[in-house]
Amino acid sequence: RHAEIERAKEALLELKIYLKDLRGLIEKGPAVDPWDAVTRLKQLHRLEAPRRILLARLMRSLEETHAIVWLGQDHLGQFIEQALGMCPRSAKNLVEEASLYAAWPELERAVGQGEIGISKAFLIAHIARPWNVQAHIKRAKELPYRDFLNEVRFLDLLRRLDRHLAHSFPGPFPQPGL
């Protein structure tokens, strides 16, 4: 229980840092020219992944400390729908992100640092093993989403058709012999 409370405190500290970064963008006032506006849009876009990760961490903290029950909700998805006014699908997506980050800290770091997007992170979680997740992250960074999706589909199909053969080629592409 103490560990969950400490993680919740860490999440709140990260929220403070995030808000400071966001406040810096807001306090600059209106953009002075189109290039300034584009620069600010890029800065704001870079804050999106950390915002979602932070939200996922706070949701996990609420769940781990059983605050969800204390707040009168049955489960995390219901809390997100009611407290944040999200539609059920958005709430489900946020719960899935929180679960993904809890299970795969490497993916949380990669998404948070802008190395990969959340869609690629879900693909990696589907195909990777704990010992080769970094190799999959590296490969995901190298490819556009569609190409990476095709590679993941191939590896998944290989796994379903022949587990022994798939075990011989566990990592991402390129792989000698495949």
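Data block above holds the structure.
Residues numbered from 1 in each chain as written. Predicted model: local features only at pLDDT ≥ 70, side-chain atom pairs only at ≥ 80, totals over all residues. Heavy atoms only, no water.

With respect to the overall build of the protein
Link 1 in the chain: Looking only at helices and strands, the protein features 11 helices and 0 strands.
Link 2 in the chain: In terms of overall dimensions, the protein has C-alpha extents of about 55 × 50 × 30 Å along its principal axes.
Link 3 in the chain: By residue count, 35% of the 178 residues in the protein fall in the buried class.
Link 4 in the chain: Residue pairs in contact within the protein that sit at least 24 positions apart in sequence constitute 51% of those at least 6 positions apart.
Link 5 in the chain: For the protein, the distance from the average position of its 27 positive side-chain charges to the average position of its 23 negative side-chain charges is 3 Å. (Helix = DSSP H or I, 4+ residues; strand = E, 2+ residues; numbered from the N terminus. Buried < 20%, exposed > 50% of the residue type's maximum accessible area, 1.4 Å probe, protein only. Contact = heavy atoms within 4.5 Å. Lys, Arg positive; Asp, Glu negative; His and termini not counted. Charge placed at Lys NZ, Arg CZ, Asp CG, Glu CD.)

Regarding the packing of aromatic side chains
Link 1 in the chain: For the coordinates displayed, the defined rule picks out 1 aromatic pair.
Link 2 in the chain: Residues Phe154 and Phe173 carry aromatic rings whose centres are separated by 5.6 Å and whose planes lie at 45° to one another, so their mutual orientation is tilted. Remark: Phe173 occurs in the segment after helix 11 (163-168) and Phe154 occurs in helix 10 (residues 145-161); sequence separation between them is 19 residues. (Phe/Tyr/Trp six-rings, centres within 6.5 Å; stacked < 30°, edge-to-face > 60°.)

Quick notes on helix 7 (residues 105-112)
In an α-helix, one turn spans 3.6 residues; hence positions three or four apart end up facing the same way.
Link 1 in the chain: Three or more residues of helix 7 are buried, namely Leu107, Glu108, Ala110 and Val111. Projected down its long axis, helix 7 carries its buried residues within an arc of 165°, all on one side.
Link 2 in the chain: For helix 7, the secondary structure elements touched by its buried residues are helix 3 (48-64), helix 6 (88-103), helix 8 (118-127) and helix 9 (133-142).
Link 3 in the chain: Within two residues after helix 7, Gly114 carries a phi angle of roughly 75°, on the positive side. (Arc of directions from axis to C-beta.)

Side note on unusual backbone geometry
Link 1 in the chain: Residue Pro174 is reached from Phe173 by a cis peptide bond, and omega for that bond is -15°.
Link 2 in the chain: We note that His66 has phi near 65°; this positive angle belongs to a residue other than glycine.
Link 3 in the chain: Counting through the fold element by element, His66 comes out in the loop between helix 3 and helix 4 (67-70).
Link 4 in the chain: With relative accessibility at 43%, the residue His66 sits in the partly exposed group.

Section: the pattern of salt bridges
Link 1 in the chain: A complete count under the given rule lists 12 salt bridges for this structure.
Link 2 in the chain: Put simply, Lys138 and Glu142 hold a salt bridge, and the shortest N to O gap is 3.5 Å. On the criterion of helical spacing, the pair formed by Lys138 and Glu142 is a turn pair, its members being 4 residues apart in helix 9.
Link 3 in the chain: Three or more residues joined by partner-sharing salt bridges are found here, namely Lys138, Arg139, Glu142 and Glu151. (Salt bridge = Lys/Arg side-chain N within 4 Å of Asp/Glu carboxyl O.)

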